[in-house]
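Below are the chains, spelled out letter by letter.
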Amino acid sequence: MNAARPPATPGDVVLEVRDLSVDYGMDRAAVHALDGVDLTLHRGELLGIAGESGSGKSTLAVAATRLLRAPGRIISGSVTYHPRDSPPFDVLSLGDGALRRWRWEQVSIVFQAAMNSLNPVTRIVAQLTDVLEVHRPEMSKADRLQRAHELVALVGIPDRLLFAFPHQLSGGMRQRIMIAMALALGPEIVIMDEPTTALDVVVQREILTRMSALRAELGFSVVFITHDLSLLLELSDTIAVMYAGKVVEQAPADDIYRAPLHPYTEGLLGSFPSLVGPRVELVGLAGSPPDLRRVPPGCAYHERCPLAQEVCQREIPPLESADRRSVACHFRSPRREVVA
């Protein structure tokens, strides 16, 4: 487990998401994919976002970077970026030119399916140097090529494969190329949206080890999105757990592991085996995530929750925060001992 970070000062904040809501569709047919999400990312931090499919994890990533496509619409909220040497600004209010400069230079994304992100008929070297040509027009062709060589070395790819086509690389190598591309301009933030889901565990371990080393060396922040909470416990400084478009718990990774507060977090933790200690029976989460077109009233988790009572069916629990922990539950609070 990672050691908990000391409390951050306001100057440590690099990205703030406040009251972010996203709908797909309009009027009564709208699907509320995100509902008032608040998150804070600090410099050098790895923030893990966990939850089942449909919880809103990927929508959060594309909405925060203004990559959301129709029929998705940002209904409310702000995404505030804090540069090192200039005043903060709301990404949602940027014009096209400023937004284009902000992407890649300050924030980049590594998507899940590398083969779908790379151009299958273009050599790797061209795809890396294209980024530099667009964002660093002052660089010469020789300098761009030199930087491409540096980038593949950075992610542990043999130099000869710089001139290969994507189909000539393994899945793990293609994902490393995507990481190299994401780091090309030295961004402050790298968002990784389930980047290793389609890879076997050995390749997954190699990529995550490399990514952790690069973060320590280069000092960028990471938002790591996955359904695998066990993975985030090992990698993350802080973890946010999402359910039905909301953050239901957020805390340092050690606290999530040792003393989860929300019953949903407890259910996720109980769904994977421990590598040490006595053998115990695994208990999966009962039921399925709610249909976002018909989210149940009150707490969205109450139909699956072992603690649910009548109040859970009527009232939506607020996200209560204290001592670097947040939880949205009528019976669990960061300010007192667990009561049920």
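Reading the values: the criteria
Residues numbered from 1 in each chain as written. Predicted model: local features only at pLDDT ≥ 70, side-chain atom pairs only at ≥ 80, totals over all residues. Heavy atoms only, no water. Buried < 20%, exposed > 50% of the residue type's maximum accessible area, 1.4 Å probe, protein only. Helix = DSSP H or I, 4+ residues; strand = E, 2+ residues; numbered from the N terminus. Pairing = 2+ DSSP bridges. 1 Å grid on protein atoms, 1.4 Å probe; cavity = no way out; pocket = protein on both sides within 12 Å on 5 of 7 lines; lining within 4 Å. Points joined across faces, edges and corners; volume = space filled by probe spheres on them.

I'm lost on the pairing of strand 7 (residues 189-193) in this one. Help?
A regular strand carries its side chains on alternate faces of the sheet. Burial analysis of strand 7 places 5 of its 5 residues in the buried class, which makes it a mostly covered element. The alternating pattern of strand 7 places Ile189, Ile191 and Asp193 and Val190 and Met192 on opposite faces, both of which are buried. Inspection of the sheet shows strand 6 (residues 107-110) paired to strand 7 by 4 bridges, in the parallel sense. Each bridged residue has a counterpart across the sheet, and for Val110 the counterpart in strand 7 is Met192. With 5 bridges joining them, strand 7 and strand 8 (residues 221-226) adopt parallel strand pairing. Counted as the bridge partner of Asp193 is Ile225 from strand 8.

Can you walk me through empty space enclosed by the protein in this structure?
Over the atoms rolls a probe the size of a water molecule, and in doing so it shows where empty space is left. Evaluation of the coordinates by the stated rule reveals 4 cavities of 30 Å³ or more. Along its surface, the largest cavity is lined by 13 residues, and Leu15, Val17, Leu39, Leu60 and Val223 are the ones closest to its centre. Listing elements by their share of the lining of the largest cavity, those giving two or more residues are strand 1 (13-24), strand 2 (31-42), strand 3 (46-50), helix 1 (57-64) and strand 8. Here the second largest cavity is characterised by a volume of approximately 90 Å³. Every residue lining the second largest cavity is counted, 14 residues in all, and those nearest its centre are Cys299, Cys305, Cys312, Cys329 and His330.

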